[in-house]
Amino acid sequence: MTANQNVTAQAKIREKILASVREYYSSTFVPGKGFTPGDKINYGGRFFDEKELVNLVDASLDFWLTTGRYCSEFESDFAKFLDVKYCSLTNSGSSANLLAFMALTSAKLGERRVKKGDEVITVAAGFPTTVAPIIQYGAVPVFVDVTLPEYNIDVSMLEKAYSKRTKVVMVAHTLGNPFDLQTVKSFCDEHNLWLIEDNCDALGSEYYINGAWKYTGTIGDIGTSSFYPPHHMTMGEGGAVYTDNSQLHRIINSFRDWGRDCWCASGHDNTCQNRFSQQFGELPLGYDHKYVYSHFGYNLKATEMQAAIGCAQLKKLPFFIKKRKENWQFLWEHLNDLSEYFILPEASQNSKPSWFGFLITVRETAKFSRNEIVTYLEKHNIQTRMLFAGNLIKHPCFDEMRGNNQLYRVVGSLDNTDCIMERTFWLGIYPGIDELRLRFMLTTIRDFLKSK
């Protein structure tokens, strides 16, 4: 058999395998399954068809287990979707936040680098991995309160939180609702601060700034995304870091890829054409550039199988965004008459949120608690979630730090943050929730209120 014949035979076998995968999907995963009251309504989950399975098996047949062609395709296509120059795929959204922050500690940034003891303005009402990299490095998080009903950073506290040691603002767009990017960006520009947008819950959200609509995550210096199953799209695990700054992109990739100075893609050598002719640190002249380390980095790369799923998911992302918006609007319209009992969420000004969930805060005047309604919903197989940490500094991870203003600072009160901790929960709106399920959720909420 000639080489060409062998390639043709392999291609036929491959197509036969992938055809079997499509058949397997059709016989195993039944789309559009009906709903019966009592069926579990998840707050989030995977939404896929045969294309994700085909891509996953296709990648496995190459047996190129680390970063490869699918990773490159995803980074390129995701950057195009967001309209940014650079995207770095990583193994989780938490790793994305870690890389985004650690990139700012690089000595290559000169006077703008973040050093131990420098301060980062953030909020305590959110997910811990927005804050964890700050503490783990030895910088000082400075917590300010959030506003209701937007659930985002209270920008009136920015100047009060600022000090001569402030270097970064790092906050998330809460459950898809963009924070006040105009004010935050202006504040950062005025004080020459870095802005990291934790965009893990807000993929597809838009914000109007400087005369144009832009995707959140692309307005600050660095944006991050998560591809965990409940998120807007999934790879199982996975995340991304994106920027328009070429220097930051190089630094992010260095920290992701063991801290190396070399930027060759996996399986490639001598991209710079100077592999054996450069001087680094106190190494011998010409030391192999592939093994020169400019940072103390990590190995946080994604795999080909993850990226293969992501490539299929990315094509569905516009539908995912549209469906989340529709589900959120449906719940809002049908709960709006219950403002006597609940504080309902509101989109921030100048924004088009791509919602991650539907936030509900039980009013202090209600004759029931958050725990009572949540317990009722869960007993009826409707999943609920808290707004993540609620107030992060109340958690056991702060036990050894609590009250030490050299390790963290609180500016003003955290009254709304505590309110969220005590009285807020949210419901799912992911594309797997159809109108039948939404109506059951609404009926169950009203049945609970009647019982009270």
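Small disclaimer: the values here were computed from a predicted structure and weren't measured.

(A) Focus on the sheet that holds strand β6 (residues 166-172). Judged by pairing direction, the sheet is mixed, and its eight strands sit side by side in the order β1-β11-β10-β7-β6-β2-β3-β16 without closing on themselves. This sheet does not close on itself; its edge strands, each paired only once, are β1 (86-90) and β16 (409-410). Contacting β1, β7 (194-198), β10 (222-226) and β11 (239-243), helix α8 (residues 246-256) runs over the sheet at an angle of about 15° to β1.

(B) Seen up close, the packing of helix α1 (residues 3-28) against helix α2 (residues 50-62). Between α1 and α2, the least distance of the axes is 9 Å, while the angle of their chain directions is 145°. Considering how the two elements wind past one another, α1 and α2 form a crossing that is right-handed. Here α1 contributes Arg14, Ile17, Leu18, Val21, Arg22 and Tyr25 to the contact with α2, which in turn contributes Glu50, Leu53, Val54, Val57, Asp58, Leu61 and Asp62. Among the residues making up the contact of α1 with α2, the classes are represented as eight nonpolar, no polar and five charged.

(C) Structural view of the pattern of salt bridges. Taken as a whole, this structure holds 25 salt bridges when the rule is applied. Measuring nitrogen to oxygen at the nearest pair gives 3.5 Å for the salt bridge that ties Glu50 to Lys51. When its relative accessible area of 43% is taken as the criterion, Lys51 is described as partly exposed. In this structure, Arg402 and Asp399 form a salt bridge, with 2.9 Å as the shortest nitrogen-oxygen distance. Residue Arg402 is classed as partly exposed on the basis of its relative accessible area, which comes to 41%. If you follow the salt bridges from partner to partner, you end up with Asp49, Glu50, Lys51, Glu52 and Lys316 in one network.

(D) Summary view of the confidence of the model for the chain. With 99% of its residues at a pLDDT of 70 or more, the chain has an overall mean of 95. Here α1 stands out as the element of the chain with the lowest mean pLDDT, 89, in contrast to β7, whose mean of 99 is the highest.

(E) Highlighting the pairing of β7. Buried residues dominate β7, accounting for five of its five residues. Both faces of β7 are covered, namely the face carrying Trp194, Ile196 and Asp198 and the face carrying Leu195 and Glu197. Where β6 lies against β7, five bridges are found, and the strand directions are parallel. Paired with Met170 across the strands is Ile196, a residue of β7. Crossover β6 to β7 through helix α7 (residues 181-191) is right-handed. Sheet topology places β7 next to β10; three bridges connect them, and they run parallel. Of the residues in β10, the one forming a bridge with Ile196 is Ile222.

What counts and what doesn't
- Residues numbered from 1 in each chain as written.
- Predicted model: local features only at pLDDT ≥ 70, side-chain atom pairs only at ≥ 80, totals over all residues.
- Heavy atoms only, no water.
- Pairing = 2+ DSSP bridges.
- Helix = DSSP H or I, 4+ residues; strand = E, 2+ residues; numbered from the N terminus.
- Contact = heavy atoms within 4.5 Å.
- Axes fitted to C-alpha atoms, helices over the stretch in contact; angles between N-to-C directions.
- Left-handed = near helix turned anticlockwise from the far one by under 90°.
- Nonpolar A, V, L, I, M, F, W, Y, C, P; charged D, E, K, R; others polar.
- Salt bridge = Lys/Arg side-chain N within 4 Å of Asp/Glu carboxyl O.
- Buried < 20%, exposed > 50% of the residue type's maximum accessible area, 1.4 Å probe, protein only.
- pLDDT = per-residue confidence, 0-100.
- Right-handed = clockwise from strand over helix to strand, strands pointing away.

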